[in-house]
Amino acid sequence: SLKDGKHYTSIGRDGNGQFLVKYAYETGLAVDTIFSTNDIDRENFRFSDYTYNPDETKLLLATERESIYRRSSKSHYFAYDLNEKKLVPITGFSKGKQQLAAFSPTANQVAFVRDNDLYISDLDENTEEQLTTDGKWGEIINGAIDWVYEEEFSFHRGFYWSPDGSKIGYYKFDESDVPEFNITYYNDLYPENYNFKYPKAGEKNSEVRVMVYDLASNSHAEVDVNSEADQYIPRIKWTKNSDLLCVMRMNRLQNKLEFLLANTKNASEDEISVETVYTETAETYIEINDNLIFLDDEKHFVWNSEKDGWNHIYLFDMDGSEVARLTGGDWEVIEFYGVDQENMRVFFSAAIGSPIEKEIYSLDFEKAIQKFKKTGKTVQPSELPKPKNLTPNGHTNSAAFSNTFSYFINFESAANQPNHITLRDARGKTVRDLKDNSELKKKVEKLDINPKEFGAFKTEAGHELNYWMIKPPVFDPEKEYPVMFMIYGGPGSNTVSNSWGGSNYFWHQMLAQSGFVIISVDPRGTMRRGRDFKHSTYRQLGKLETEDLIYSAKHFGNLDYIDADRLGIMGWSYGGYMSSLALTKGADYFKLGIAVAPVTNWRFYDTIYTERFMRTPQENASGYDDNSPINHVDKLKGHYLLVHGAADDNVHHQNTMEMINALVEADKQFDLFLYPDRNHGIYGGNTRYHLYTKMTNFIKENL
């Protein structure tokens, strides 16, 4: 979206190159070509990403992108002046690729990271300034972040310009003492070893400092966040005041979160003091998001939290006083899209009608500020207008808003309906169809599809579990059918959703056509049912979820058309962990299990994710050991297929290697397949087709 909120740009391609086209939201018509590779004097120029400078007179183009981890990458960056039609690299090619390049908000400058150091390139002066000099692989990272922060706190930028461009706030990681993990790549005559810092549960994390660089004085100052403490700094963010940097600080147990305001006005000083303006605590854990928004009035900020038992949106004064609980009730805010400050509205998605649906809402909150000024008391949701449903279709919706929140592109799907993409205005009125996927729908109609059915049942413990089911197309209720359960089951992750399942949907349909009933269940620990339901698995991951899976096997096994002696289960990652537990702790109920890239012992997984839900192994040893499938292999009875990518930097294939050792020691037969040089996603070339063929054949041959 462009600044005016009326236009957007998109990358187009033709046989000769690439181009950026400017479109009008309302009509969808192209109104201008912003940039074309055909107009520059550089052969075979291709870009994978682009950003504008604040006044939209220049482009930053990323070329020759090279992936690092899940979110991070490095590229050769070029700046393109839209007025002068001039393309220049931001730095010399011989110096290597750059990470995270970003325009200054006010000057013709670009900051970036190279080889763990932070730089500024002045495009007017054609100069490059190195801001830090101690960056070193495996030791010091300036302006970027380490592996575990990127993976588990879901971001990868480690520096931020202040609004007026006078300062840069940045992270400095010292990962020198973090234990190192090794991955072997088998793509050459002699295998290549890749080493990187990976803190497993209970091990040492990086020491993290927050620094501020002042351009005028050419000086660095450290924000006093008690950097030597065993803690996390999951976000830093400038307020609307260029002197105030907000630092989120969280203890290692992740059950205490603080917002610290650092006054950087005198950033040339050695250390910058902080003031704590907001503190949140929990008996279990607090999850981090990107939904901290400072309003332009420099008096308020918006944040969402589960602190009242459900995920809701709150409005605060800058001193941390709670002005209003903008949303409330026994339902979850799922995504927070932002604040239309001109019209004093928030936009979000929520599961109000049902936990298997997600619709887009707006809420006016101007009254909240006025009422708080008069009474000084926190305004409750009952005192505000009710949220307005902008997409009342009972399906799953996701939105991409324009910069002014005048329009949003809505992606609507349902279990048996591919995406229907529309442009809507801020009140939810459909302006026009963008993509109805009519051709895909026609193709689907020609297939032997049996729709997903949704339902719920209560367990022995009294918990209601949601599920979906696909029956064979020619279904005979007098027959008994084998079942394949498709599971994920991880904290806050649902598979039972009234949404389009893409390629997996067709795999499930193909298995159903082969005579299997396909079922997915959301056990305890999943989201959209409130904090207590989601956090019930705290300190004992796998225990309650496995109990729910065993009860699911009993429940469906008792149906007349289900063959209770032929129940199988398949899962990937956390789902692989669950399928391994189902086939060991639940061996009396499940006769086949497929575990793709599974955790087999939580001691092998990283600090941030694992300790959030389990605390450390040192203080919760039984929680780790009692529900790790590696410790229950003696119970295995059925057919077990174990699959892993040998270059998985996330769930290391060490999990599978140790599972193999345990299975061999217990004299248990099993099937194994490893994919060399493949990461956690196990893809590339023919890989996915090979994997799904293998799983399909395993199911047909053994269930």
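Preceding block: the structure.
All of the points below concern the structure found in this document. Everything numeric here is computed off the predicted structure, so don't read it as measured data.

Helices and strands together make up the secondary structure of the chain, namely 11 helices and 43 strands. Its C-alpha radius of gyration of 27 Å places the chain within 12% of the 27 Å reference for a compact globule of 703 residues. Each principal axis of the C-alpha distribution contributes one length, and for the chain these read about 75 × 60 × 60 Å. Counting all 703 residues of the chain, 57% fall into the buried class. The contacts of the chain with a sequence gap of at least 6 include a subset with a gap of at least 24, amounting to 58%. Accessible surface, the chain: about 29,600 Å² in total, of which carbon and sulfur atoms supply 43%. Looking at charge distribution, the chain has the averaged site of its 77 positive side-chain charges lying 4 Å from that of its 105 negative ones.

Counting buried positions over the six residues of strand β30 (residues 359–364) gives five, a clear majority of the element. Where strand β29 (residues 345–351) and β30 come together, six bridges link them in antiparallel fashion. Bridge pairing in β30 links F347 to S362. Bridge count between β30 and strand β31 (residues 388–389): two bridges; the pairing is antiparallel. If you follow Y361 over to β31, its bridge partner there is N389.

Next up on the list: the environment of K388. Within the secondary structure layout, K388 lies in strand β31. The class for K388 is partly exposed, based on a relative accessible area of 36%. If near-sequence neighbours (up to four positions away) are discounted, K388 is found in contact with I360, Y361, S362 and R427. Here the side chain of K388 touches R427 through a polar contact of 3.3 Å, landing on its backbone oxygen.

Positionally, T91 belongs in the loop between β7 (86–89) and β8 (99–103). Residue T91 is classed as buried on the basis of its relative accessible area, which comes to 8%. Contact partners of T91, with chain neighbours within four places excluded, come to Q98, F112, R114 and E128.

What follows is about the sheet that holds strand β21 (residues 256–263). If you trace the four strands from one edge of the open sheet to the other, you get β19-β20-β21-β23, paired in antiparallel fashion. Two strands lie at the open edges of the sheet, namely β19 (231–238) and β23 (274–281), each paired on one side alone. Strand-to-strand twist in this sheet, taken as the mean axis angle between neighbours without regard to direction, amounts to 20 degrees. In terms of strand pairing, β19 meets strand β20 (residues 244–251) through six bridges, oriented antiparallel. Following the sheet pairing, K237 is matched in β20 by C246.

Time to look at the pattern of salt bridges. Taken as a whole and assessed by the stated rule, the structure comprises 33 salt bridges. Here K204 and E207 are joined by a salt bridge, their closest N and O atoms 3.9 Å apart. The class for E207 is partly exposed, based on a relative accessible area of 26%. Measuring nitrogen to oxygen at the nearest pair gives 2.8 Å for the salt bridge that ties D548 to R524.

This brings us to the packing of helix α4 (residues 502–513) against helix α11 (residues 687–702). Running from N to C, α4 and α11 point in directions that differ by 25 degrees, and their axes come no closer than 12 Å. It follows that α4 is roughly parallel to α11 by the angle criterion. In this structure, α4 meets α11 at a crossing whose hand is right-handed. For the pair formed by α4 and α11, the contact residues are N504, W507, M510 and L511 on the first element and Y692, M695, T696, I699 and K700 on the second. A per-class count over the contact of α4 with α11 returns six nonpolar, two polar and one charged.

At E56, a position not held by glycine, the phi torsion is positive, near 60 degrees. Tracing the backbone shows E56 in the loop between β4 (49–52) and β5 (58–67). Residues other than glycine seldom take positive phi values, yet N116 does so here, at roughly 70 degrees. With respect to the helices, strands and loops of the structure, N116 is situated in the loop between β9 (109–114) and β10 (117–122). Of the residues examined, N116 reaches a relative accessible area of 11% and is grouped as buried.

Strand order in the open sheet formed by four strands is β32-β33-β34-β35, with antiparallel pairing between adjacent strands. Where the open sheet ends on each side, the last strands, each with one partner, are β32 (396–401) and β35 (430–435). Each strand axis lies, on average, 25 degrees off the axis of its neighbour in the sheet, ignoring direction. As paired elements, strand β34 (residues 417–425) and β35 share four bridges and run antiparallel to each other. Counterpart to R424 in the pairing with β35 is T430.

Under the counting rule described, the total for this entry stands at 61 aromatic pairs. Taking the centre distance of 5.1 Å and the plane angle of 20 degrees together, the rings of F301 and F316 count as stacked. Separated by 15 residues along the polypeptide, F301 in strand β25 (residues 300–305) and F316 in strand β26 (residues 312–317) bring together distant segments of the chain. Residues F301 and F316 agree in their burial class; the two are buried. In this structure, R114 is placed above the aromatic ring of Y119, and the distance from its NZ or CZ to the ring centre is 4.2 Å. One cation-aromatic arrangement involves K471 over F475; the distance from NZ or CZ to the ring centre is 4.7 Å.

Calculation notes
Residues numbered from 1 in each chain as written. Predicted model: local features only at pLDDT ≥ 70, side-chain atom pairs only at ≥ 80, totals over all residues. Heavy atoms only, no water. Helix = DSSP H or I, 4+ residues; strand = E, 2+ residues; numbered from the N terminus. Rg over C-alpha atoms; globule rule 2.2 N^0.38 Å. Buried < 20%, exposed > 50% of the residue type's maximum accessible area, 1.4 Å probe, protein only. Contact = heavy atoms within 4.5 Å. Areas by Shrake-Rupley, 256 points an atom, 1.4 Å probe, with all protein chains shown as cover. Lys, Arg positive; Asp, Glu negative; His and termini not counted. Charge placed at Lys NZ, Arg CZ, Asp CG, Glu CD. Pairing = 2+ DSSP bridges. Polar contact = N/O pair within 3.5 Å; in protein donor to acceptor, adjacent residues only side chain to side chain. Axes fitted to C-alpha atoms, helices over the stretch in contact; angles between N-to-C directions. Salt bridge = Lys/Arg side-chain N within 4 Å of Asp/Glu carboxyl O. Parallel < 35°, antiparallel > 145°, perpendicular 65-115°, else oblique. Left-handed = near helix turned anticlockwise from the far one by under 90°. Nonpolar A, V, L, I, M, F, W, Y, C, P; charged D, E, K, R; others polar. Phe/Tyr/Trp six-rings, centres within 6.5 Å; stacked < 30°, edge-to-face > 60°. Lys NZ or Arg CZ within 6 Å of the ring centre and 35° of its normal.

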